[in-house]
Amino acid sequence: MKIGLITSSCLRHGQFIRDITEAFPVSAIVIEEKTYGSSDLEEKEKKYFGELQSLDLFCDTIRCKKGEVNSDKIVKFMTRNSLDVVLTFGCSILKGEILKTSKRFINIHTGLTQFYRGVDSSIWAIKDKSLDRIGVTIHEVNAGIDTGEILVQGKIEFSLSDDLNDVFLKTCTRGFEILVDNLSKITSGEIKGAARGAGKLYQNKDMTPEILKSAALELPKLLQKHLSK
């Protein structure tokens with residue numbers, strides 16, 4: 001089975017590459033260049049994944065600019081590698097011809113897709129005062145945004161000291177663990193996808209400084225209540 005990866009260029013994406021390539025033979029990797037949304041997140045990632053400053057890749061690898069992941073160049077690269085399954089994390093939305101270049105695409109979504117799709121799922125769950133809706137989803141990729149059938153889901157362990165970035169990065173690392181643990185069962189058909197409804201779609205344009213500040217203030221109260229149960 002030929003496995004490919006499509007991801008981005010931040011440290012969390014490097015950890016995704018490392019975790020998958022250490023567990024499975026990977027034939028090809030697409031890395032989309034992206035910048036950090038905040039310096040706080042960048043610094044937090046260094047604490048989680050700082051040792052990934054240098055990452056040696058021993059397979060066919062191509063880099064592209066942000067937004068070019070669906071370009072003819074990447075379609076040709078993917079087609080040339082004849083991949084059986086492509087694992088995606090943190091890249092731009094895949095559409096058009098790119099989705100025809102492999103038999104199957106599987107994505108890590110840092111949220112529970114029956115509640116929240118798109119970006120910042122944990123922040124929207126905190127805004128809704130529902131830590132129980134924070135988690136990670138491994139799902140099939142289709143033409144929609146995080147609307148593919150759910151394969152596996154998981155939750156994270158909270159700590160009283162967690163901030164918004166900790167919660168997000170914990171969903172990332174939990175997603176890597178779940179995918180590594182279950183990929184063989186997924187590709188063999190032992191784990192089959194299931195539809196559980198599509199949650200509300202949030203995009204970058206929906207986030208405001210006020211919502212972010214409100215979620216940051218709400219999180220400690222939710223953690224105190226959650227961990228005292």
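Quick note: structure is the one above.
Criteria and thresholds
Residues numbered from 1 in each chain as written. Predicted model: local features only at pLDDT ≥ 70, side-chain atom pairs only at ≥ 80, totals over all residues. Heavy atoms only, no water. Helix = DSSP H or I, 4+ residues; strand = E, 2+ residues; numbered from the N terminus. Expected span 1.5 Å × (residues − 1). Buried < 20%, exposed > 50% of the residue type's maximum accessible area, 1.4 Å probe, protein only. Contact = heavy atoms within 4.5 Å. Phe/Tyr/Trp six-rings, centres within 6.5 Å; stacked < 30°, edge-to-face > 60°. Axes fitted to C-alpha atoms, helices over the stretch in contact; angles between N-to-C directions. Parallel < 35°, antiparallel > 145°, perpendicular 65-115°, else oblique. Left-handed = near helix turned anticlockwise from the far one by under 90°. Nonpolar A, V, L, I, M, F, W, Y, C, P; charged D, E, K, R; others polar. Pairing = 2+ DSSP bridges. Polar contact = N/O pair within 3.5 Å; in protein donor to acceptor, adjacent residues only side chain to side chain. Salt bridge = Lys/Arg side-chain N within 4 Å of Asp/Glu carboxyl O.

(A) Geometry of helix H1 (residues 11-23). For H1, with 13 residues, the first-to-last C-alpha span of 19 Å sits near the 18 Å given by 1.5 Å per residue. Looking only at H1, the buried set comprises Leu11, Arg12, His13, Gly14, Gln15, Phe16, Ile17 and Ile20. Looking at the buried positions of H1, the neighbouring elements they touch are strand S1 (3-8), strand S2 (26-32), helix H2 (39-49), strand S4 (85-88), strand S5 (105-109) and helix H5 (164-188).

(B) View of the packing of aromatic side chains. Per the counting criterion, the structure on display carries seven aromatic pairs. Residues Phe16 and Phe89 carry aromatic rings whose centres are separated by 5.5 Å and whose planes lie at 50° to one another, so their mutual orientation is tilted. A residue pair is termed long-range when its members are at least 10 positions apart, and Phe16 in helix H1 and Phe89 in the loop between S4 and S5 qualify at 73 residues. This pair shows no difference in class: Phe16 is buried, exactly as Phe89 is. When the ring of Phe16 is compared with that of Phe176, the centres are 5.8 Å apart and the planes differ by 45°; the resulting orientation is tilted. With a gap of 160 residues between them, Phe16 in helix H1 and Phe176 in helix H5 connect regions that are remote in the sequence. Take Phe16: its relative accessible area is 0%, and that puts it in the buried class. With relative accessibility at 1%, the residue Phe176 sits in the buried group.

(C) Representation of the packing of H1 against H5 within the structure. Interhelical geometry of H1 versus H5 gives an angle of 15° and a closest axis separation of 10 Å. Here H1 is positioned roughly parallel relative to H5, judged by the angle of their axes. Here H1 and H5 pass one another in a crossing that is right-handed. Contacts from Arg12, Gln15, Phe16, Asp19, Ile20 and Ala23 of H1 reach H5 at Phe168, Leu169, Cys172, Phe176, Leu179 and Val180. Here the contact of H1 with H5 is composed, by residue class, of nine nonpolar, one polar and two charged.

(D) Spatial organisation of the pairing of S4. Both faces of S4 are covered, namely the face carrying Val85 and Leu87 and the face carrying Val86 and Thr88. Inspection of the sheet shows S1 paired to S4 by four bridges, in the parallel sense. Counterpart to Ile6 in the pairing with S4 is Thr88. Here S4 runs beside S5; their pairing, made up of three bridges, is parallel. When the sheet's bridge partners are listed, Val86 is paired in S5 with Phe105.

(E) Here's a closer look at the side chain of Asn107. Positionally, Asn107 belongs in strand S5. A polar atom in the side chain of Asn107 sits 2.8 Å from the side chain of Thr88. Once residues lying within four places of it in the same chain are set aside, the contact partners of Asn107 are Thr88, Phe89, Thr137, Ile138, His139, Val141 and Asp146.

(F) Structural view of the pattern of salt bridges. One pass over the structure, following the stated rule, counts twelve salt bridges. The salt bridge partner of Arg104 is Glu140, with a shortest N-O separation of 2.5 Å. Separated by 36 residues along the polypeptide, Arg104 in the loop between S4 and S5 and Glu140 in strand S7 (residues 136-140) bring together distant segments of the chain. Among the residues examined, Arg104 registers a relative accessible area of 22% and is labelled partly exposed. Glu218 is paired through a salt bridge with Lys221; the nearest N and O atoms lie 3.5 Å apart. With Glu218 and Lys221 both in helix H6 (residues 209-227) and three residues apart, the pair spans about one turn of that helix. Through salt bridges with shared partners, a single ionic network connects Lys44, Asp163 and Asp166.

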